[in-house]
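# Analysis of the macromolecular model
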Amino acid sequence: MEDRRQRKDEHIENYLKSEIITNTLLEDIYIEHNALSDMNMEEIDTSIEFLGRRISMPLMVNAMTGGGEAGSDINEDLSSICEAVGIPMASGSEAIAIKDEESRDSFTLLKDKDIIKIGNLGSERSLEDFIFAKDLIDADIMQVHLNIAQELVMPEGDRDFRGLGENIRNLVEKLDTPIIVKETGSGISKSVASKLLDMGVEYIDVAGKGGTNFIEIEDLRDVETDFSEFYDWGIPTAKSIIDVRSVSEDVFIIASGGLRNATDIVKSIIIGADMAAMSGEVLRYLLHGGYEACEDFLKDLQYKIKIIMCLLGVKNIEELKKVDYKVVGRLKQLLD
Ligand code: FNR
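Residues numbered from 1 in each chain as written. Predicted model: local features only at pLDDT ≥ 70, side-chain atom pairs only at ≥ 80, totals over all residues. Heavy atoms only, no water.

### Details of the site of the ligand
Around the ligand, the structure places 22 residues, and the nearest of them are A63, S93, T212, G258 and G280. At 2.7 Å, a backbone N or O of A63 approaches an oxygen atom of the ligand. Here K182 contributes a side-chain N or O atom positioned 2.9 Å from an oxygen atom of the ligand. Contact with the protein chains hides 96% of the accessible area of the ligand, taken as 610 Å² for the molecule alone. Among the secondary structure elements, those contributing two or more residues to the shell around the ligand are helix 1 (2–17) and helix 12 (280–289). (Near = heavy atom within 4 Å. Polar contact = N/O pair within 3.5 Å; in protein donor to acceptor, adjacent residues only side chain to side chain. Areas by Shrake-Rupley, 256 points an atom, 1.4 Å probe, with all protein chains shown as cover. Helix = DSSP H or I, 4+ residues; strand = E, 2+ residues; numbered from the N terminus.)

Shown next as structure tokens:
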């Protein structure tokens, strides 16, 4: 148990040490200024409906932690900030809490917050584990994470990935909350999205390449093996959003992986996402700047989304989704 808690804290430490910046390719999305925008800033509405509730903007704080020593404080701060800002929050993987009773409080504290709560477990976990994790935080929806790249560079990681699809299908059928299938920084391809849709999955978080780099984070824990040749592995976030949207008009897409500012969020929505999610950047503000800096960062994001909507001449998120865009550069080359 100690090892597992220590690993969680090391993830946070190594995230802050990580240096490699790869590319989301969102900069290859060009959106055009509207000099005759006839918007009134006061009337621009950034809110959306998610799981039957209004949230202040199309953003959630994505899965990070819980269990480790630092995890409890981080979850307490992030959940209070999400409540103040009016956005959902995902807990980090709850796997540790299944066996380690002492670690549970760092997750259950989410229950006291008036936010949409999102639970998190790996795609190899049983239905019973998912029911436990859902009840532990009263989750409105459960994330099922896919993290093959991370497992393969972790000395103690999984090596046998057979049966994940069947397990996801079983969760869709038997769990009484919906599930979000999410990557953890390597992106979702068209063919994986098609398979997930066939399994009945209705929410996909692309978690593409361009932000938090788990291959580097794991590599920093293990000095013996050098995995740096894989740091650039993965599907850039912008490509993953466009590809998943090309497979279905109806699937609810969460854009994540390297989103750092309001422009990234707005571009993600324009190219096909329904909502965006941030992990690393929010954690950086919290741990380097403190509680207020993190809350201000998120509140400013909402205002900056409004500024961009005004510059584009759109008054709500539904209109934002219809804004034209051009794909340039490398992203254009990569798209079919
Ligand atoms: C993560 N992420 C993650 N994802 C998940 O599904 N379960 C988890 O327990 C964790 N743990 C975790 C810890 C830390 C410290 C970080 C920074 C991230 C991955 C996260 O949810 C997200 O998919 C990726 O980080 C990509 O998004 P960003 O960080 O580039 O915005």
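From this point, the discussion proceeds with the structure in view.
### Some remarks on the packing of helix 8 (residues 190–198) against helix 10 (residues 237–247)
Where helix 8 contacts helix 10, the axes come no closer than 9 Å and their chain directions differ by 45°. The angle between the axes of helix 8 and helix 10 places the two elements in the oblique class. Between helix 8 and helix 10 the crossing geometry is right-handed. Listed contacts from helix 10 to K190, A193, S194 and L197 of helix 8 are D243, V244, S246 and V247. Grouping the constituent residues of the contact of helix 8 with helix 10 by class yields 4 nonpolar, 2 polar and 2 charged. (Axes fitted to C-alpha atoms, helices over the stretch in contact; angles between N-to-C directions. Parallel < 35°, antiparallel > 145°, perpendicular 65-115°, else oblique. Left-handed = near helix turned anticlockwise from the far one by under 90°. Contact = heavy atoms within 4.5 Å. Nonpolar A, V, L, I, M, F, W, Y, C, P; charged D, E, K, R; others polar.)

### Structural notes on the side chain of K8
Here K8 lies in helix 1. Despite its burial, K8 pairs with no opposite charge, the nearest such side chain being D9 at 8.8 Å. Beyond its immediate chain neighbours, meaning those up to four positions away, K8 contacts G66, G68, S93 and I96. (Buried < 20%, exposed > 50% of the residue type's maximum accessible area, 1.4 Å probe, protein only. Lys, Arg positive; Asp, Glu negative; His and termini not counted. Salt bridge = Lys/Arg side-chain N within 4 Å of Asp/Glu carboxyl O.)

### So, the UniProt feature "domain: FMN-dependent dehydrogenase" (unreviewed entry) in the chain
Mapped onto this numbering, the UniProt entry gives "domain: FMN-dependent dehydrogenase" (unreviewed entry) at residues 166–322. Across residues 166–322 one finds 52% helix and 10% strand; the C-alpha atoms that close the span lie 36 Å apart. (UniProt positions renumbered as here; feature names shortened; annotations may be inferred.)

### Some remarks on the state of the cysteines
Throughout the structure, instances matching the rule amount to 0 disulfides. You can see C294 has no disulfide; the closest cysteine sulfur is in C82, sitting 8.0 Å from it. (Disulfide = S-S within 2.5 Å.)

### As for helix 10
Quick reminder: α-helices carry 3.6 residues per turn. Residues three or four places apart thus point the same way. Most of helix 10 sits out of view: 9 of its 11 residues are buried. When helix 10 is considered as a whole, its buried residues turn out to be T237, A238, K239, S240, I241, I242, D243, V244 and R245.

### What about the pattern of salt bridges?
When the charged atoms of two side chains lie near each other, side chains of opposite charge can form a pair. Here the structure, examined in full by the defined rule, presents 19 salt bridges. With a shortest N-O distance of 2.8 Å, E10 and R221 are connected by a salt bridge. In this pair, E10 sits in helix 1 while R221 sits in helix 9 (residues 214–221), placing the two residues 211 residues apart along the sequence. Residue classification places E10 among the partly exposed positions, given a relative accessible area of 22%. Residue E76 pairs with K113 through a salt bridge whose shortest N-O separation is 3.1 Å. Taken together, the positions of E76 in helix 2 (residues 69–85) and K113 in the loop between helix 4 (105–108) and strand 6 (117–122) put the pair 37 residues apart, joining distant regions of the chain.

### With respect to the pairing of strand 10 (residues 252–255)
Working note: regular strand, side chains alternate between the two faces of the sheet. Of the two faces of strand 10, the one lined by F252 and I254 and the one lined by I253 and A255 are each fully buried. The pairing of strand 9 (residues 203–205) with strand 10 spans 3 bridges and is classified as parallel. Its bridge partner lying in strand 10, Y203 is registered against F252. Judged from the 2 bridges that link them, strand 10 and strand 11 (residues 275–278) form a sheet pairing that is parallel. Across the sheet, the residue bridging to A255 is A276, located in strand 11. In this fold, strand 10 hands off to helix 11 (residues 262–270), which returns the chain to strand 11; that crossover is right-handed. (Pairing = 2+ DSSP bridges. Right-handed = clockwise from strand over helix to strand, strands pointing away.)

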